[in-house]
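The lines below spell out each chain.
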Amino acid sequence: MAVPFADLGLQYRSIKEEIDGAIAAVIRDNAFIRGPYVDTFEQEFAAAAQIKHCVSCANGTDALYLAMVALGVKPGDEVITTAHSWISTSAMVTHSGASVVFCDTDGATFTIDPAAIEAAITPRTVGIIPVHLYGQPADMDAIMAIARKHGLWVLEDCAQAHLAKFRDQPVGTFGAAATYSFYPGKNLGAFGDAGAVVTNDSALAERMAMLARHGGLVKHNHLIEGINSRLDGMQAAILSAKLKHLEAWTKARQDAARIYDAGLNQLDGVEVPAVAPGRTHVYHLYTIKHERRDALAAYLNEHGVQTAINYPTALPLLPAYARFEHRPDQFPRAVADQSWILSLPMFAEITGEQQDEVIGLIRKF
Ligand SMILES: *Cc1c(COP(=O)(O)O)cnc(C)c1O
């Protein structure tokens, strides 16, 4: 039996009428850029994320950029983030004008180690970007305490963590602002690129919205120099249709994770993903560690099971950061994880038979 890494077509077919209706309505109403579908999605997503303002934009990478520019980041500033993420997190620090400072992960949850944050703070530090990686919140108690102590802003990268919670509080509501991606494969995915920044700070929301829309909210009245990072009406209507199912899909991912946990946690050489106390994991990815990762991935692939490595290289060691001359021993946990991690097929519609196939093959291996 072939098991795909994810199955976006299956999800579409399960709600085809709702999606087709949403797309037809946008075309009928000529509502391609901004317009009522974008306004509606922003309101609905803010409600789902339990926050006041949602500023939609073109993708989750722009969301990080817009937030940092609106937070007033400038050359000479340092922003701390994790060594283990997708490159958008760190690249947007640089593009907003600041310098990125990497921290190692905590060794259990793949998220940033608060002790490493404390050690990385200098007089130039202005903010911290924790990433709720794979769908598990970072340690927001410790991170917010550090931020308060040093007067730093916190920008949560929630690209992989829609509806995740830390001590029953939704991610994205701890810091000054939080960013989301609606890339097709994310837990809430558009049919193309899409993203958003959320915040409870009305003035910050207005600055981010202006920046995303050519520097003004009223046509031809450019108060600042912005960029073009708008959400399409079509993507907004699709996202609104899908948002109605997000809770059920999240629950299905969590149920699938329990099945993997039960099938894999007694196996020699396999480490299932740990969930720290008080954290609600939404399993954007179900990532195990395995001593013979590459051989296991090849074996699964031969038998029709798709896997992925998220991510093959710790950010500080990418060629893009060669200028810093970082060494692997500065980020021992993130670097070690790169050679053990393997993401297994995970999507809301995955069947018990598909999971049995994956578990059975890993046992056999
Ligand atoms: C997907 C992702 C992003 C970027 O989102 P895009 O919509 O692809 O630009 C940023 N950070 C993390 C952690 C992501 O997983």
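Here the structure is shown first, and the text comes after it.
Residues numbered from 1 in each chain as written. Predicted model: local features only at pLDDT ≥ 70, side-chain atom pairs only at ≥ 80, totals over all residues. Heavy atoms only, no water.

1. So, the sheet that holds strand S6 (residues 165-166)
Point 1. Overall, antiparallel pairing links the three strands, which are arranged S7-S6-S11 in an open sheet. If you trace the sheet from one side to the other, it starts and ends with strand S7 (169-170) and strand S11 (279-280), each paired once.
Point 2. Here two bridges tie S6 to S11, and the two strands are oriented antiparallel to one another. Opposite Phe-166, over in S11, you have Arg-279 as the bridge partner. (Pairing = 2+ DSSP bridges. Helix = DSSP H or I, 4+ residues; strand = E, 2+ residues; numbered from the N terminus.)

2. Let's talk about the packing of aromatic side chains
Point 1. If you walk through the whole model with that rule in mind, you get 13 aromatic pairs.
Point 2. For the pair Tyr-12 and Phe-191, a centre-to-centre distance of 6.0 Å together with 75 degrees between the ring planes defines the contact as edge-to-face. Residue Tyr-12 is located in helix H1 (residues 8-14), and its partner Phe-191 is located in the loop between strand S8 (177-181) and strand S9 (195-199); the two are separated by 179 residues in the primary sequence.
Point 3. Judged by its relative accessible area of 25%, Tyr-12 is partly exposed.
Point 4. For Phe-191, a relative accessible area of 38% puts it in the partly exposed group.
Point 5. Feature note: the residues Phe-41, Phe-45, Tyr-180 and Phe-182 constitute an aromatic cluster, connected by ring pairs. (Phe/Tyr/Trp six-rings, centres within 6.5 Å; stacked < 30°, edge-to-face > 60°. Buried < 20%, exposed > 50% of the residue type's maximum accessible area, 1.4 Å probe, protein only.)

3. Points about helix H11 (residues 293-302)
Point 1. Buried residues of H11: Arg-293, Leu-296, Ala-297, Tyr-299 and Leu-300, and no others. Viewed end-on, H11 has its buried residues packed into an arc of 160 degrees, placing them on one side of the element. Opposite the packed face of H11, turned more than 90 degrees from it, sit the exposed residues Asp-294, Asn-301 and Glu-302.
Point 2. For H11, the elements touching its buried residues are strand S12 (286-290), helix H12 (332-338), strand S13 (341-344) and helix H13 (352-364).
Point 3. Phi turns positive, to about 85 degrees, at Gly-304, one or two residues after H11. (Arc of directions from axis to C-beta. Contact = heavy atoms within 4.5 Å.)

4. A short note on the pattern of salt bridges
Point 1. With the rule as written, the count across this model stands at 15 salt bridges.
Point 2. With a closest N to O distance of 2.9 Å, Arg-28 and Asp-29 form a salt bridge.
Point 3. A residue is classified by how much of its surface remains accessible, and Asp-29, at 35% relative accessible area, is partly exposed.
Point 4. Its salt-bridge partner being Asp-329, residue Arg-327 comes within 2.9 Å of it at the nearest N-O pair. (Salt bridge = Lys/Arg side-chain N within 4 Å of Asp/Glu carboxyl O.)

5. Here's the deal with the packing of helix H2 (residues 16-28) against helix H9 (residues 233-243)
Point 1. The interhelical angle for the contact between H2 and H9, taken along N-to-C directions, is 150 degrees, at an axis separation of 9 Å. Considering the angle they form, H2 stands roughly antiparallel to H9. The two elements H2 and H9 cross, and the hand of that crossing is right-handed. Within the contact between the two elements, H2 uses Glu-18, Ile-19, Ala-22, Ile-23, Val-26 and Ile-27 and H9 uses Gly-233, Met-234, Ala-237, Ile-238, Ala-241 and Lys-242. (Axes fitted to C-alpha atoms, helices over the stretch in contact; angles between N-to-C directions. Parallel < 35°, antiparallel > 145°, perpendicular 65-115°, else oblique. Left-handed = near helix turned anticlockwise from the far one by under 90°.)

6. Quick notes on the side chain of Gln-354
Point 1. Considering the arrangement of structural elements, one finds Gln-354 in helix H13.
Point 2. Take Gln-354: its relative accessible area is 13%, and that puts it in the buried class.
Point 3. At 3.0 Å, the side chain of Gln-354 forms a polar contact with the backbone nitrogen of Thr-351. (Polar contact = N/O pair within 3.5 Å; in protein donor to acceptor, adjacent residues only side chain to side chain.)

7. As for the site of the ligand
Point 1. The immediate surroundings of the ligand are formed by 14 residues, with Gly-60, Thr-61, Asp-157, Ser-181 and Lys-186 found nearest.
Point 2. Within the backbone of Gly-60, one N or O atom sits 2.7 Å away from an oxygen atom of the ligand.
Point 3. With respect to the ligand, the side chain of Thr-61 contributes an N or O atom lying 2.5 Å from an oxygen atom.
Point 4. Look at the ligand: alone it shows 380 Å² of surface, and the protein chains cover 93% of it. (Near = heavy atom within 4 Å. Areas by Shrake-Rupley, 256 points an atom, 1.4 Å probe, with all protein chains shown as cover.)

8. Quick word on unusual backbone geometry
Point 1. The omega torsion across Asn-310 and Tyr-311 is 15 degrees, close enough to zero to call that bond cis.
Point 2. Within the element layout of this structure, Tyr-311 appears in the loop between H11 and H12.
Point 3. For Arg-34, which is not glycine, the phi dihedral falls at a positive 50 degrees.
Point 4. Looking at where Arg-34 falls in the secondary structure, it is placed in the loop between H2 and helix H3 (36-48).

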